[in-house]
Every structure is written in C-alpha cells, then in structure tokens.
Amino acid sequence: MDVKIESSWKERLADEFEKTYFNQLTDFVREEYKRATIYPRGNLIFNAFDHCPFDKVKVVLLGQDPYHEPGQAHGLCFSVPDGTPFPPSLVNIFQEIKSDLGKPVPSSGNLTRWAGQGVLLLNATLTVRAHMAGSHQNKGWETFTDAVIQRLNTEREHIVYLLWGSYAQRKGGMINDSRNLVLKSAHPSPLSAYRGFFGNKHFSQTNDYLIVSGQTPIEW
C-alpha cells in the first residue's frame, strides 16, 4: 500500500502497511471521512512523522486521541494550530515548563517547533470523529503505533519517552529502559495534573539526559 508518510518512516514501516489489519484500518478510515466529520484533515494524519524523521527522534511524547473539537487537531499530540485557544492539558504543560525551566508561556500552542527538534508527538490513535472522543479506538491504530514504538525500541537508543498517565504508561511497557530514559507521571489533564504532573520536571530531566548522551537539548 502506498501510504503518504515521510520517507524514512515509510521505509521502516513498509511491512506494516501490507498487513491485513492496516488494510482494514484504511478501509474503515476512508469510509469514516466520507460519512462524518473526522479530525485531523486527511493530509495531516501522519503529520507527527512528517515533521520528525526516524533518525532524528530524540523524544517520544505519547498521547491517546486527537482533539475532537473543530480547529484543534493537526496530527501532533497535545498541539493545536496557531491562533487556537489552548486546551486545558496544554495549558498545564506550559505551566509545568514555566515552573521547571522558567520559560514564559508561548503565544501559540503549535508544537511543530518541538517536532522539528526531534520530538515525536505521537497519539496512539491517529483519527477521531468530531465531538466523539475515543471513537476510532480499537480499529487498528493502536497496533500501528505499537509497531512505531517497537521499531524505535529495536533500532534506536538514548531516546527520552514521556509517558503521562496510565494509558501511555501501559502502551510504553515494551520500551527498553536500560538503553533509553523513560519518564512517567500523572497526565496533564485538569483531572490529574495535581496528582503528580505538576512538579515532575520532565522537561529539564529530558534535556539533562540529552546533553549527557551527546545530543542537543530541546528548546521547549
């Protein structure tokens, strides 16, 4: 199957695109775009990969679903396009960055600037129906994104994995933490941020690890 995705990922995932589950997933997603409003736009489904080639990945941030309200999702977990009000979890992420690193809250919630520095902003599920959180779960996306993590885990090392919340921590259970840095905390959602996300200092810990392993730190 000819999937429109960045070339280094296309090469690494070529066998995945030929599997039965992925063909069934593709059929499902195509039908959904015909019959309902789906986020993100079709050309942005693989946006996280397009901005962060396989060999450039330094950090993997795992999300769950794309945002399901208008104007928010653009293929990068937790990120919103320029000019879009910050969703609550993103507000809390920026608050933790300010507390941890002393950086002011930015004017835009567009995290493409992180992706360009090697942060893979990966949702477990890459599409969703408007106003229906979780509507495209258990259709095959999770199998695909597990394969993405497994490729990185097998072929790369010295990556920082940010696993916020129990869902991300379960999904990241396969990661080799002797060859990578795995950081876990509560999710930045308002429901859980005060139970361990605030004060986790993941952003400074990430940069410290990158420096020690001979990599350039992220400008958060």
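This text goes with the structure placed above it.
Residue numbering note: each chain is counted from 1, following its sequence as written. Residue-level local features of this predicted model are given only where pLDDT is at least 70; pairs of side-chain atoms are given and counted only at 80 or more, and the full residue set underlies all totals for whole chains, interfaces and linings. Processing note: side-chain calculations cover all non-hydrogen atoms of the structure and skip hydrogens and water entirely.

K.L.:
Quick question: what am I supposed to make of the packing of helix α5 (residues 88-101) against helix α9 (residues 202-212) here?
P.N.:
Each packed pair of helices is defined by two parameters, the angle between the axes and the distance between the axes. It is the contact of α5 with α9, at a shortest axis distance of 8 Å, that shows an interaxial angle of 60°. One element, α5, and the other, α9, form an angle in the oblique class. In this structure, α5 contributes Ile93, Glu96, Ile97, Asp100 and Leu101 to the contact, and α9 contributes His202, Phe203 and Ser204. Classes in brief: Ala, Val, Leu, Ile, Met, Phe, Trp, Tyr, Cys and Pro nonpolar; Asp, Glu, Lys and Arg charged; the others, Gly included, polar. Partitioned by chemical class, the residues of the contact of α5 with α9 number 4 nonpolar, 2 polar and 2 charged. Comment: axis = line fitted to C-alpha atoms, over the contacting stretch for helices; angle = value between 0 and 180 degrees taken between N-to-C directions. Put simply, DSSP H or I for four residues or longer makes a helix, DSSP E for two residues or longer makes a strand, and each gets a number counted from the N terminus. Here roughly perpendicular refers to angles of 65 to 115 degrees, roughly parallel to angles under 35, roughly antiparallel to angles over 145, and oblique to all remaining angles. It only takes one pair of heavy atoms within 4.5 Å for two residues to be counted as in contact.

K.L.:
Please explain the pairing of strand β3 (residues 119-123) as it appears in this structure.
P.N.:
The side chains of a regular strand alternate, first on one face of the sheet and then on the other. Buried means the residue's accessible area, taken with a 1.4 Å probe over protein chains only, is under 20% of the maximum for its type, while exposed means over 50%, and partly exposed covers the values in between. With 5 of 5 residues buried, β3 is to be regarded as a mostly interior element. Side chains of β3 alternate between two faces, with Val119, Leu121 and Asn123 and Leu120 and Leu122 buried alike. Two strands make a pair as long as DSSP finds a minimum of two bridges between them. Direction of pairing for strand β2 (residues 59-63) relative to β3: parallel, over a ladder of 5 bridges. Bridge assignment links leucine 61 to a residue of β3, and that residue is leucine 121.

K.L.:
I'm lost on the sheet that holds β3 in this one. Help?
P.N.:
Read across the open sheet, the 4 strands follow the order β3-β2-β5-β6; overall the sheet is parallel. The two strands at the open ends of the sheet, each matched to only one other strand, are β3 and β6 (181-185). Here the average twist between neighbouring strands, direction ignored, is 20°. Relative to strand β5 (residues 160-164), β2 is paired through 3 bridges, and the arrangement is parallel. By the bridge assignment, valine 59 is partnered in β5 with valine 160. Helix α7 (residues 141-155) contacts β2, β3 and β5 of the sheet and is inclined by roughly 150° relative to β3.

K.L.:
Teacher, can you tell me more about α9 here?
P.N.:
Because the α-helix completes a turn every 3.6 residues, residues three or four places apart line up on one side. What α9 keeps buried is the set His202, Phe203, Ser204, Thr206, Asn207, Tyr209 and Leu210. Contacts from the buried residues of α9 go to β2, α5, α6 (112-115), β5 and β6. Glycine 214 lies just past α9 and shows a positive phi near 80°.

K.L.:
Can you walk me through unusual backbone geometry in this structure?
P.N.:
Excluding glycine, a negative phi dihedral is what most residues carry, and trans is how most peptide bonds are arranged. Here the amide bond leading from tyrosine 39 into proline 40 is cis, since omega sits at -5°, within 30 degrees of zero. Among the secondary structure elements, proline 40 is positioned in the loop between β1 (38-39) and α4 (47-50). Despite not being glycine, asparagine 138 has its phi angle at roughly 60°, a positive value. Relative to the helices and strands, asparagine 138 is located in the loop between β4 (128-129) and α7. The exposure class assigned to asparagine 138 is exposed, which follows from its relative accessible area of 69%. The phi dihedral of lysine 201 is positive, around 55°, even though this residue is not glycine. By relative accessible area, which is 40% here, lysine 201 ends up partly exposed.

K.L.:
Just to check I follow, could you spell out the side chain of asparagine 123 for this structure?
P.N.:
Inspection of the secondary structure puts asparagine 123 in strand β3. Judged by relative accessible area, which is 8%, asparagine 123 ranks as buried. Leave out the neighbours within four places in its chain, and asparagine 123 touches Gly63, Gln64, Asp65, Pro66, Cys77 and Thr145.

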